[in-house]
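This is what each chain is made of:
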Amino acid sequence: MTASTHDAAVDRQFSPRATAYLTSAVHAQGEDLLQMAGIARAHSTARVLDLGCGGGHVTFHVAPEVKDVTAYDLSQQMLDVVAGEAAKRGLANVATRQGKAEYLPFADAEFDVVMSRYSTHHWQDAGRGLREAFRVLKPGGVAVFADVVSPGEPLLDTWLQTIEVLRDTSHVRDYSVAEWTRMLTEAGFTLEGLTPRRLPLEFQTWVTRMRTPDTLVAALRHMFGIAPDVVRAHFDVKQDASFTSDTATIVVRKPG
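Numbers given for residues are sequential positions, taken from 1 along each chain in its written order. Since the coordinates come from a predicted model, pLDDT governs what is reported: local features require at least 70, and pairs of side-chain atoms require 80 or more to be given and counted, while whole-chain, interface and lining totals use all residues. Heavy atoms throughout the structure, all of them, feed into the side-chain values; hydrogens and water do not.

Draft legend 1. Expanded view of the sheet that holds strand E5 (residues 137–148). The rule for pairing is simple: two strands pair if DSSP sees at least two bridges between them. Secondary structure elements are taken from DSSP: a helix is a run of H or I of four residues or more, a strand is a run of E of two residues or more, and numbering for both begins at the N terminus. Sheet architecture is open: 7 strands sit in the order E3-E2-E1-E4-E5-E7-E6, paired in mixed fashion. If you trace the sheet from one side to the other, it starts and ends with strand E3 (94–98) and strand E6 (190–201), each paired once. Each strand of the sheet is rotated relative to its neighbour by a mean of 15°, with strand direction disregarded. Here, two residues are considered to be in contact whenever any of their heavy atoms come within 4.5 Å of each other. Between N-to-C directions, angles cover 0 to 180 degrees, with each direction set by a line fitted to C-alpha atoms, over the stretch in contact for helices. Against the sheet, helix H7 (residues 126–136) makes contact with strand E1 (47–51), strand E4 (111–117) and E5, and its axis sits at roughly 145° relative to E5, the strand it touches most.

Pasting the structure below:
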């Protein structure tokens, strides 16, 4: 898939769903958001980049704690929703900027903190995106990445990637913790902490939010119905196909 085709797929998937992501309970709350807000609170004079901001929930949580936040996303419709909601909340220190994670339109060392949540699995080249995050971060700056992670074991990984791409054709990959660690290290970061969590997902809400076509919803239900016991156990698959994913919040620092 070419870069332009993948960008179009991401925009096609998310632009019409911008308001759904603003109101999504899965995205609007969580211990990872509270963790991010706590990190921001310790950097009250920081300029923060919310990389792949989606519905803007990281921005809304950290903006009251810092100097300013730039919400950055490929989808202009997402950014319009974020700007409108920020204005409603009186967050005058929020700006938006449109573009790809792999090609950031910012100067070297422009930000004190970079945060990204539920975005990296959509990047066509995650390694390049992480290197760009490293570039725009000041020496000594902190970055936080939170996302669904692969269990790593081949059978479980195959099932996870399959259900993800059936539900959302812009999905690229949920990386394992080992893959995350390698990519972050190769980008130049030093690891400071990793918090694993589990994320319950109600099936109907999960597919409705993405407006997954009925044929693919049927395929997803079939996949869960024929899942081997080891898959059903790990993902805690319920009778209605609701399940639980692994997530991780990874805190890293740019040396300096």
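Draft legend 2. Local environment of the side chain of glutamate 132. Note on placement: glutamate 132 falls in helix H7. A 1.4 Å probe rolled over the protein chains alone gives each residue an accessible area, and that area as a share of the maximum for its type sets the label: buried under 20%, exposed over 50%, partly exposed in between. A residue is classified by how much of its surface remains accessible, and glutamate 132, at 12% relative accessible area, is buried. At a separation of 2.8 Å, a polar atom in the side chain of glutamate 132 contacts the main-chain amide nitrogen of leucine 104. Those residues in contact with glutamate 132 that lie beyond four places of it in its chain are Ala101, Glu102, Tyr103 and Leu104. The term polar contact refers here to a pair of N or O atoms within 3.5 Å; inside protein, the definition further demands a hydrogen-donor-capable atom paired with an acceptor-capable atom, and it admits residues adjacent in sequence only when both atoms are side-chain atoms.

Draft legend 3. Broad picture of the pattern of salt bridges. A carboxyl oxygen of Asp or Glu within 4 Å of a side-chain nitrogen of Lys or Arg is what we treat as a salt bridge. Applying the stated criterion across every chain, the model contains 15 salt bridges. When the shortest N-O distance is used, the salt bridge between glutamate 102 and lysine 100 registers 3.4 Å. Across this residue pair, the class does not change: glutamate 102 and lysine 100 are buried. Arginine 198 serves as the salt-bridge partner of aspartate 246, at 3.0 Å between the closest nitrogen and oxygen. Of this pair, aspartate 246 sits in strand E7 (residues 243–253) while arginine 198 sits in strand E6, and the two are 48 residues apart along the sequence. Residue class for arginine 198 comes out partly exposed when judged on its relative accessible area of 40%. Within the structure, one salt-bridge network assembled from shared partners comprises Arg47, Asp68 and Glu110.

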